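Results of the structural survey
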Amino acid sequence: METEIIRYSRPVRWLHWTYAGAFLVLFLTGVIIFIPALDKLAGGEWTRMFHRGAAILLFVEPIAYLILYPNSAWRGIKETFIWSKDDLDWARAMPRYYFFLDEKAMPPQGHINTGQKLWWLMVLVSWVVFAVTGVLIVVSKGLPTRALFEWSIMLHDVAFIGTGCMLFVHIFLSVIHPLMRPLRSGPWNAMVHGTVSREYARSHHRKWYEEINKVEIRNTDSPDSVPLVSSTAVDRFPGLRR
Amino acid sequence: MELSRRDFMKFSVPALCLPLVSKPQGSITSLAGGPALSVRTGGKAILYDGSKCNGCRACEVACRRANRLAPLPQQGPQLDLSPNSWTVVKTTEVVVNGKAEKAALRLQCLHCTDATCVKVCSTGTLRHNEVTGIVEFDRDKCNGCGYCVQECPFHVPRVSGTDASGQQQMFKCTMCSTRVNTNRRPVCVDVCPFHALSFGHREQMVNEGSDRVKNLRATYPDATLYGKDELGGLHVLRILKASPLAYGLPERPEVPAGATFWRGVVHPLGLGLGGLAVVGLAANYVFASQANKERKGETKEPESGGSHGN
């Protein structure tokens, strides 16, 4: 199956994987610190140092992207704040779609579907929460009152629990769920090589697929004369190579 | 296989409830019970008599030597506990019968039965000794996170090192745990020249302390035995000449609500939700795989632009 539809540019992919790498280290060291059964691993300096080192990376990476690609960053951030009735329709169809693969029940989705938008918003908000509370935990340690310290720990933990659970969901829905297979044409390929198959784009992000091709597909069975490359991706990043 | 909604619920609801009923493995001080009964009612205790102490600080010197703590940069009275000062004798003034009078108060870890530090410790460093009731700490495990420093109601544990380097360690009085475990007394008790310190079984110390307070009330009507019932009973009992407030001590110290909420609610919630997520996703995979198999079984011919969408 040829993967010819471009979904993510190289800078976006780089941001994703560097952020994911830092986040994974933070998550694992966080789990070690959080779960009492693992307290032997939490002792000494290393867990803390890895946690702090990865925290600095996590903080810097999106800032770097914002500086290097401000338009793309701004477009991406805006995407998380567009909500409509369509999102409710996704929510209604969600159980049948993900549990029973009832694709007919799921209305056509845009560039990112409602679930992806939710996750994206969660990542954005949690980044702010983690950064602020993380710094406060370190600096509020010597203060005479404990309120600031306690609140920082509490919010840090809440963000950890929320994003931790959603991280499992994210990984599951990217590479394990049957609808996202085979790996070489679906979301995994999108984030590693930047492209997906036409088949995948049409079935999972139909509204976006039609928009980038500017063709309304009536007969879904016949191959249409659609351009091989997503025009919007090329416009955004001239010189983009797959 | 057509899965009815009823069958789906029959499977999924119990499965998803599993993480909620599995108890997270906690420290010795569990959420509900607290330390073992033997520690709560018994164990060992230090009795400090504030009416006999005159602030000579011999106990500070003995503690420093026995624990090989660094010497102080300058002579003179200490104002507060520190990573290198595990006991400090403060002299303050208390008002008794309308007159201001010098009073000494020895600061140290009070080895609470309901110890906040044990509850919040993230590395299992702090723990109760089930036999003596002493709150011990394992130096190798401590990573200096500082939770205990912020949460202790008496502000006892102190961290050394700088935060920036990440190399920090908490220190506090150990009630000479290794000596106590071999039937000896803490060094401070042995050295006090004014017999202001006693050591023995906690019940014995409570009785002795209560008797002395009764006698003391003739001259000091507000004399009290601090530590008898506070926080489940402290293993360092202090006879005060005036009310705790006059010494700057909390009258009714409690485990901070934040600590209880964190260990008792946020923690289990986190573990529960995490488990729920994993179980839910596993269930999703099972159902989706089944549906996928059926779908693949239904379409005999290979896909030729066959639609998956609407």
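These numbers come from a predicted model, not from an experiment.

**As for the overall build of chain A**
Looking only at helices and strands, chain A has 11 helices and 2 strands in total. The order of α-helices and β-strands along chain A, N terminus first, is β-α-α-α-α-α-α-α-α-β-α-α-α. Buried positions account for 46% of the 242 residues belonging to chain A. Residue pairs at least 24 apart in sequence account for 69% of intrachain contacts in chain A once pairs closer than 6 positions are excluded. Total accessible area computed for chain A in this model is approximately 12900 Å², and 70% of it derives from carbon and sulfur atoms.

**Quick look at the interface of chain A and chain B**
With 47 residues of chain A at the contact, the number on the chain B side is 57 residues. Three residues stand out in chain A for area buried against chain B, namely A:R48, A:F99 and A:R146, and they jointly supply 14% of the buried area on that side. Here chain A is connected to chain B by 1 salt bridge. Across the salt bridge formed by A:E103 and B:R295, the nearest N and O atoms sit 2.5 Å from each other.

**Some remarks on the confidence of the model for chain A**
All names here are of chain A. Summarising the model, chain A shows a mean pLDDT of 85, and 87% of its residues fall at 70 or more. A low-confidence stretch, residues 216-231 stays under pLDDT 50, and its non-local contacts, those more than four residues away or across chains, total 32 contacts. Of the regions scoring below 50 in pLDDT, residues 238-242 engages in 11 contacts with residues more than four places distant in sequence or in other chains.

What counts and what doesn't
- Residues numbered from 1 in each chain as written.
- Chains lettered and ligands numbered in written order.
- Predicted model: local features only at pLDDT ≥ 70, side-chain atom pairs only at ≥ 80, totals over all residues.
- Heavy atoms only, no water.
- Helix = DSSP H or I, 4+ residues; strand = E, 2+ residues; numbered from the N terminus.
- Buried < 20%, exposed > 50% of the residue type's maximum accessible area, 1.4 Å probe, protein only.
- Contact = heavy atoms within 4.5 Å.
- Areas by Shrake-Rupley, 256 points an atom, 1.4 Å probe, with all protein chains shown as cover.
- Buried area = accessible area lost by both parts, 1.4 Å probe.
- Salt bridge = Lys/Arg side-chain N within 4 Å of Asp/Glu carboxyl O.
- pLDDT = per-residue confidence, 0-100.

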